[in-house]
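Survey of secondary and tertiary structure
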Amino acid sequence: MSALLDGIAQRLAAHAQEDLGIGAAVVKFDAGGDGVLVLDATAKPAKISTADRPADCTIKIAAPLLMKAVSGEMPCGAAFMKFVRGVQGRPGLAVQIQPFLRNVAAKGRS
Amino acid sequence: MDTIAPQGPSANADRLDGFVHKFIKNAWYVCAQAREVEHAPLGRRLLNQPILLYRTGAGKVVALHDICPHRFMPMSKGRLVGDKIRCTYHGSLFDATGTCVEIPSQDSIPPKCFLRAYPVVERRNWVWIWMGDPAKADPALIPGENYLGFGHEDYSTVDHRYRLVKGRYGLCNENLIDDTHISFLHLGQFESGGRVHTMPEVSQEGPWIKSRWFDPHEKISPFFHMLFDVDYEIAPRALVGHFHLPATHVVWIEMYNPKAPQEKPRVLRVALAFTPETETTTHWFWAESRNFRQKDAAWDAFASDTSWAIQDQDFFAIEAIEALLQQNAELPEEVSFKADAGIMRARRVMNQIIRQEGGQ
């Protein structure tokens, strides 16, 4: 697991009390050799973890590019459009998670 | 030794006729998003003419020539007095028809003291203006709002936006008609790059030039998996483009369920209107709607952001070409490909109309 992915996990974990917008589902970001980031909204508050587990939706994206969306360096939607290399499971969850990521990015900037 | 014949500005000007930059006046153009026009003066240059737009107290949109006939002060710098506009320089007051009703320094009003009024029609998101002969301004010529995707009961509007593009409207039109750039300028977003090898069907019906590209076995990109909320690896997909002369486009993507292709497809519909500001700059109006995931804020944001990001790539190309055209460089003879059939048809028809109008 990379330090970058760990940093993203910590950033998201600070907002785990908020509604992730995905219902009772699990979304996983698969960053290849850098590891995975799992957002588990079946628990309240949500669990943010870098331990691998099955998910309802797996989004393949490199860690530095995911960081662009989470930091607000790039609009979240545009980052997903350009950098997501694959979506497995329920693809709609990859859209439903975006308002949460946008919110994290906005609060990180303020 | 090969030589290059010297070319001056006039030679290039002739060659650029294909890149339509002259104006068709007798047509409806979008002049503003409805939400831009308020009870306050808005100045906007359209087809090289300065136009004043504002909304009356009753909500009616007014379009007047934005030049005071007294000393040519822009009227949009003035202020509204009820539904009338007062010139900020010497105080002349004009009503919503452009009639001068007061000159503070004298009692009489010269007959030539008026502002030209332009026909305008507001249709949901957009305000349309007729810059040519007012007697020919038939609102029935405006593309229907259901056709554009506004207010259609099966569709919800995602968003609508505006940008001033530093490129002639002919380049904007051709970007929309041209399908084959998608495989390169937008590589990886729309599809996987195979589409350039197939030809669209092109036809003309009245003022519409239509193209339809269909692939029964399209490899669906991750972006489309998310955008259309589908998990198909391979699916039938169509890209349809309708160009309503001279500057309105409706483009839509049909995504079919490969297991039930007879079902109604998921459709993402984009309406675009390009209104010349000058010969080399264009007001670009965009609106998008869809027939699935209706009124879903997460999809609205995703579709809006991504559509605009894709258009940023188009702006990049259009503005790069326009910048080059303005360098007055020696241009090679333009080469067109088989896939440019729609563009060539549009050029022919538009140039024909421009010639009929007298080539303003």
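What comes next is a walk through the structure. Every value quoted in this text rests on a predicted model; they were computed, and no experiment measured them.

1. Regarding the overall build of chain A
- Within chain A, the regular secondary structure consists of five helices and five strands.
- Tracing chain A from N to C terminus, the helices and strands come up as α-β-β-β-β-α-α-β-α-α.
- The globule rule puts the C-alpha radius of gyration for 110 residues at 13 Å, and the 12 Å found for chain A is close to it.
- Taken over the C-alpha atoms alone, chain A extends approximately 30 × 30 × 25 Å along its principal axes.
- Here chain A, with 110 residues, has 46% of them falling under the buried criterion.
- Within chain A, contacts between residues separated by at least 24 positions form 69% of all contacts whose residues are at least 6 apart in sequence.

2. Describing the interface of chain B and chain A
- Of the residues lining the interface, 15 residues belong to chain B; the matching set on chain A comes to 17 residues.
- Among the secondary structure elements, those contributing two or more residues to the side of chain B that touches chain A are α5 (222-228) and α6 (297-325) of chain B.
- Residue contributions to the side of chain B that touches chain A peak at seven residues, all from α6(B).
- For the side of chain B that touches chain A, the residue count by class is nine nonpolar, three polar and three charged.

3. Description of the pairing of strand β17 (residues 282-290) of chain B
Residue and element names in this part refer to chain B.
- With nine of nine residues buried, β17 is to be regarded as a mostly interior element.
- Of the two faces of β17, the one lined by Thr282, Trp284, Trp286, Glu288 and Arg290 and the one lined by His283, Phe285, Ala287 and Ser289 are each fully buried.
- Two strands pair when backbone bridges link them, and strand β16 (residues 266-276) and β17 are joined in this way by nine bridges, in the antiparallel orientation. The residue of β17 that forms the bridge with Thr275 is His283.
- Connecting β16 to the next strand, β17, in antiparallel fashion are five residues.

4. Observations concerning the nonpolar core
- Among the nonpolar cores identified, the biggest contains 122 residues, and Cys31(B) and Ile129(B) are the most heavily contacted of them.
- Excluding its chain neighbours within four sequence positions, the residues that come into contact with Ile129(B) are Tyr29(B), Cys31(B), Leu46(B), Ala63(B), Tyr118(B) and Val120(B).

5. Some points on unusual backbone geometry
- With an omega dihedral of -5°, the bond running from Lys44(A) to Pro45(A) counts as a cis peptide bond.
- The omega torsion across Leu245(B) and Pro246(B) is 5°, close enough to zero to call that bond cis.
- Positionally, Pro246(B) belongs in the loop between β14 (234-244) and β15 (248-255).
- A positive phi is found at Phe72(B), a non-glycine position, where the angle reads about 65°.
- Secondary-structure assignment places Phe72(B) in the loop between β4 (61-65) and β5 (79-81).
- Judged by the 10 C-beta atoms lying within 10 Å of it, Phe72(B) falls in the exposed class.

6. What to know about the sheet that holds strand β2 (residues 42-46) of chain B
Residues and elements named next belong to chain B.
- Across the sheet, three strands lie side by side as β2-β3-β4; this open sheet has antiparallel pairing. The sheet is open, and its two borders are formed by β2 and β4, each paired with just one other strand. On average, each strand axis in the sheet is inclined to that of its neighbour by 30°, with strand direction left out of account.
- Bridge count for strand β3 (residues 49-55) against β4 is five bridges, and the pairing is antiparallel.

7. Brief notes about the sheet that holds strand β8 (residues 100-102) of chain B
Residues and elements named next belong to chain B.
- Sheet architecture is open: four strands sit in the order β5-β6-β7-β8, paired in antiparallel fashion. If you trace the sheet from one side to the other, it starts and ends with β5 and β8, each paired once.
- Relative to strand β7 (residues 93-94), strand β6 (residues 84-86) runs antiparallel, the two sharing two bridges. Paired with Arg86 across the bridge in β7 is Leu93.

8. Topic: helix α3 (residues 76-83) of chain A
- Across the eight residues that make up α3(A), a large majority, seven, are buried.
- Taken together, the buried positions of α3(A) are Cys76(A), Gly77(A), Ala78(A), Ala79(A), Phe80(A), Met81(A) and Phe83(A).
- Buried-residue contacts for α3(A) involve α2 (63-71), α4 (92-96) and α5 (98-109) of chain A together with α5 and α6 of chain B.

9. Some words on the pairing of strand β10 (residues 126-130) of chain B
All names here are of chain B.
- With five of its five residues buried, β10 lies for the most part within the structure.
- Burial of β10 is two-sided: the residues Trp126, Trp128 and Trp130 facing one way and the residues Val127 and Ile129 facing the other way are all buried.
- Judged from the four bridges that link them, strand β9 (residues 120-123) and β10 form a sheet pairing that is antiparallel. If you follow Arg123 over to β10, its bridge partner there is Trp126.
- Remark: two residues form the turn of the hairpin made by β9 and β10, two consecutive strands paired antiparallel; Arg124 in that turn has positive phi of roughly 50°.

10. Some details on the environment of Glu201(B)
- When you line up the elements, Glu201(B) lands in strand β12 (residues 201-205).
- Each C-alpha atom, one on Glu201(B) and one on Gly342(B), is 9.0 Å from the other, the two residues being 141 residues apart in sequence.

Procedures and definitions
- Sequence order as written defines the numbering, with residues in each chain counted from 1.
- Key to labels: chains lettered from A, ligands numbered from 1, both in the order written.
- Selection of residues for local features in this predicted model requires a pLDDT of at least 70, selection of side-chain atom pairs for listing and counting requires 80 or more, and totals for whole chains, interfaces and linings are taken over all residues.
- Helix and strand labels come from DSSP, where a helix needs a run of H or I of at least four residues and a strand needs a run of E of at least two; each type is numbered from the N terminus.
- Put simply, the radius of gyration uses C-alpha atoms, and a globule should come to 2.2 Å times the residue count raised to 0.38.
- Think of it as a crowd count around each C-beta: if 20 or more other C-beta atoms lie within 10 Å the residue is buried, if 12 or fewer it is exposed, and in between it is partly exposed, with C-beta placed from the backbone throughout.
- Note that contacts rest on C-beta atoms placed from the backbone: two residues are in contact if these are within 7 Å.
- Throughout, the ten residues Ala, Val, Leu, Ile, Met, Phe, Trp, Tyr, Cys and Pro are labelled nonpolar, Asp, Glu, Lys and Arg are labelled charged, and all others, Gly among them, are labelled polar.
- Each pair of strands is called paired provided DSSP finds at least two bridges between the two strands.
- Each nonpolar core comprises buried Ala, Val, Leu, Ile, Met, Phe, Trp, Tyr and Cys residues, the members being joined through C-beta atoms within 7 Å.
- Axis definition: a line fitted to C-alpha atoms, limited for helices to the stretch in contact. Angles are taken between N-to-C directions and run from 0 to 180 degrees.

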